[in-house]
Amino acid sequence: IYLTITQALLMNLGGAPAGPAGTGKTETVKDLAKAMGLLCVVTNCGEGMDYRAVGTILSGLVQCGAWGCFDEFNRIDISVLSVISTQLQTIRNGLIRKLDRFVVCSHKISLELCLIMICISLKGLRSI
């Protein structure tokens, strides 16, 4: 998985490790970030998360160049996921264009190289 994640980073992509609970998906992401000397912020997701909360977290991650790991991402409400996907695409577009600053969530912010990972537990996975 390390090779896959580092290749994703080079292509301005993220990743979505999936598997049974307790198999080390989140720990793997954290360990790789640590090995690369990077901060990895883990956020436990739930039904109560809205696009504003995720947008605030994403804004912080891209401004400091940290990795973000959204654990149990599949628990977020489907209507919120559509907005989050737009936020993620905006960040990716900024990275591809190598912008210094760009607008996300109605704020003009600086952009550093970052990686967004979403971890999905297969137990209790709802069908979309």
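What counts, and at which threshold
- Residues numbered from 1 in each chain as written.
- Predicted model: local features only at pLDDT ≥ 70, side-chain atom pairs only at ≥ 80, totals over all residues.
- Heavy atoms only, no water.
- 1 Å grid on protein atoms, 1.4 Å probe; cavity = no way out; pocket = protein on both sides within 12 Å on 5 of 7 lines; lining within 4 Å.
- Points joined across faces, edges and corners; volume = space filled by probe spheres on them.
- Helix = DSSP H or I, 4+ residues; strand = E, 2+ residues; numbered from the N terminus.
- Nonpolar A, V, L, I, M, F, W, Y, C, P; charged D, E, K, R; others polar.
- Pairing = 2+ DSSP bridges.
- Contact = heavy atoms within 4.5 Å.
- Axes fitted to C-alpha atoms, helices over the stretch in contact; angles between N-to-C directions.
- UniProt positions renumbered as here; feature names shortened; annotations may be inferred.

With that out of the way, let us pick up the layout of surface pockets. Within this model, the largest pocket holds a volume of roughly 270 Å³. Leu13, Gly14, Leu88, Arg92 and Ile116 are the residues nearest the centre of the largest pocket, which is lined by 14 residues in total. Looking at the lining of the largest pocket, the elements with two or more residues in it are α4 (78-96) and β6 (115-121). Per-element tally for the lining of the largest pocket: the top contributor is α4, with six residues. Each residue belonging to the lining of the largest pocket can be placed in one class, and the counts come to eight nonpolar, five polar and one charged. The space that makes up the second largest pocket amounts to roughly 160 Å³. Breaking the lining of the second largest pocket down by element, the ones donating at least two residues are α3 (51-64) and α4. With five residues, α3 is the single largest residue contributor to the lining of the second largest pocket. A per-class count over the lining of the second largest pocket returns three nonpolar, six polar and one charged.

Turning to the sheet that holds strand β2 (residues 40-44), a few remarks are in order. The strands making up a sheet are joined through hydrogen bonds of the backbone, oriented either antiparallel or parallel. Strand order in the open sheet formed by four strands is β1-β6-β3-β2, and the pairing between neighbours is parallel. Each end of this open sheet is capped by a strand with a single partner; those strands are β1 (18-19) and β2. Bridging between β2 and strand β3 (residues 67-71) involves five bridges; their strand directions are parallel. Bridged to Val42 within β3 is Cys69. The sheet strands contacting helix α2 (residues 25-35) are β1, β2, β3 and β6, and the helix crosses β3 at an angle near 175°.

As a further point, take the UniProt feature "domain: Dynein heavy chain hydrolytic ATP-binding dynein motor region" (unreviewed entry) in the chain. Those places that UniProt annotates as "domain: Dynein heavy chain hydrolytic ATP-binding dynein motor region" (unreviewed entry) correspond, in this numbering, to residues 1-118. Overall, residues 1-118 shows 45% helix and 20% strand. The separation of its end C-alpha atoms is 14 Å.

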